[in-house]
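Listed below, chain by chain, are the residues.
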Amino acid sequence: MEPPSKLLLKLSKRLFNNSDEQASFIEALINPKSFPPCIIWCQDKVENLPLIVEEPITWQPPFIDRLSLGSKPGQNPLHEQGYFYCLDFSSVFAASTLLAVNQPVQVIFDMCAAPGGKSIFAWKLLQPELLISNEVIGKRLGMLISNFKRCHISRSIVVNRDSSIFAQSIPLSTDLVIVDAPCTGQSLIAKGEKAPGCFHPSAINKNANRQKRIIANSAQIVAPQGYLAYMTCTYSPEENEEVCEWLIKKFSQFEPMEINHLKDYQSHLTKIPCYRMFPQDGLGAGAFTALFKNTHEGEKKILDIDSLSAIWINMYGDD
């Protein structure tokens with residue numbers, strides 16, 4: 001087992017004041033362990049599933065099942081038939097802020113959607129009239145479209161443009177915008193995967209600047225009284241708390257929402273409501289999440305579907 005790098009040691013000290021917590025965090029990354037997989041039921045649950053289901057956490061949505069360690073749900077025939085979508089519990093944790101959305105949602109826009117897990121979670125939970133999922137990286141579009149087709153996600157549109165395009169073309173039109181932001185992916189290390197350079201300051205700063213640009217563009221398409229969800233799968237404060245603090249300074253109409261079921265996960269690195277899961281918690285490799293509400297009053301702008309017609313990739317469901 002290799003000793004922790006100086007950059008990892010530095011990060012651990014920024015995240016935790018307690019030396020035992022620092023050590024637990026470092027141990028989770030340099031000696032990664034497996035985490036139980038999860039599934040989202042896209043169709044009705046099937047009884048007598050030949051997989052062992054763990055006892056649900058109190059706030060866990062009924063359409064989510066946590067499975068026993070070592071389960072391989074992707075090899076089950078029901079997966080190929082689109083009954084469920086596989087993901088890890090860190091993603092469920094991040095998306096669970098959407099449980100606090102307490103009003104009808106007609107349109108959901110997922111700004112950084114591939115491979116589709118957050119989009120599918122939001123679609124299943126909130127049952128919007130339309131789901132728009134954007135993926136700017138062309139080589140990831142095939143995976144996103146394939147998952148939507150397999151899981152029968154309708155009505156949905158998959159688009160492929162920079163976030164700035166939507167800020168210009170569909171402002172103030174969307175009830176919920178999800179930004180599962182591209183990041184350094186430090187939590188991949190806790191899964192035993194590689195994320196070269198993920199702790200280097202230049203990589204962190206590059207990602208933080210990109211995240212601010214994306215969330216700023218995303219904020220502009222949120223309708224009055226609509227919601228903006230921000231989440232990452234990384235640990236560095238520059239990509240998490242500092243992005244959220246920057247957002248509410250630049251767009252003062254966005255109010256961070258307290259998420260009651262995540263109160264035990266409140267980040268100690270900021271005073272605003274936002275939440276972290278760490279790998280040493282034993283539930284998943286790690287995630288950061290926050291939910292904001294656009295407090296402005298006023299009319300929601302009608303979403304001009306025709307303005308998307310030149311850039312959409314595919315559409316499913318009835319016209």
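Residues numbered from 1 in each chain as written. Predicted model: local features only at pLDDT ≥ 70, side-chain atom pairs only at ≥ 80, totals over all residues. Heavy atoms only, no water.

Undergrad: Would you explain helix H9 (residues 241–250) in this entry?
TA: Within an α-helix, residues lying three or four positions from one another point in the same direction, as the helix has 3.6 residues per turn. Turning to H9, its buried residues number three or more, namely Glu241, Val243, Cys244 and Leu247. Down the axis of H9, the buried set is contained in an arc of 165°. They therefore lie on one face. More than 90 degrees from the buried face of H9, the exposed residues found are Lys249 and Lys250. The elements touched by buried residues of H9 are helix H8 (201–219), strand E8 (222–232), strand E10 (275–277) and strand E11 (287–294). (Buried < 20%, exposed > 50% of the residue type's maximum accessible area, 1.4 Å probe, protein only. Helix = DSSP H or I, 4+ residues; strand = E, 2+ residues; numbered from the N terminus. Arc of directions from axis to C-beta. Contact = heavy atoms within 4.5 Å.)

Undergrad: Teacher, can you tell me more about the pairing of strand E6 (residues 156–159) here?
TA: Looking down a regular strand, the side chains alternate between one sheet face and the other. Residues of E6 alternate between two faces, with Ser156 and Val158 on one and Ile157 and Val159 on the opposite face, all of them buried. For strand E5 (residues 130–134) and E6, the ladder comprises four bridges, and the chain directions are parallel. For Leu131, the partnering residue across the bridge sits in E6 and is Ser156. Between the parallel pair E5 and E6, the chain is carried across by helix H6 (residues 141–150), and the sense of this crossover is right-handed. (Pairing = 2+ DSSP bridges. Right-handed = clockwise from strand over helix to strand, strands pointing away.)

Undergrad: What's the story with the UniProt feature "binding site: S-adenosyl-L-methionine" (unreviewed entry) in the protein in this structure? I'm lost.
TA: Following the UniProt record, the feature "binding site: S-adenosyl-L-methionine" (unreviewed entry) maps to Cys112, Ala113, Ala114, Pro115, Gly116, Gly117, Lys118, Glu135, Asp162 and Asp180 here. The topology assignment puts Pro115 in the loop between strand E4 (107–110) and helix H5 (117–126). In this structure Pro115 comes out as partly exposed when scored by relative accessible area, which is 29%. Here Pro115 is in contact with Tyr85, Arg140, Met143, Leu144 and Asn147, once residues within four sequence places are set aside. Mapped onto the elements, Gly116 comes out in the loop between E4 and H5. Given the relative accessible area of 0%, Gly116 is considered buried. The residues contacting Gly116, other than those within four sequence positions of it, are Tyr85, Leu144 and Phe148. (UniProt positions renumbered as here; feature names shortened; annotations may be inferred.)

Undergrad: Is there a simple way to think about the side chain of Thr270 in this case?
TA: Here Thr270 lies in the loop between strand E9 (254–256) and E10. At 2.7 Å, the side chain of Thr270 and the side chain of Glu245 are in polar contact. What Thr270 contacts, discounting residues up to four positions off in sequence, is Glu241 and Glu245. (Polar contact = N/O pair within 3.5 Å; in protein donor to acceptor, adjacent residues only side chain to side chain.)

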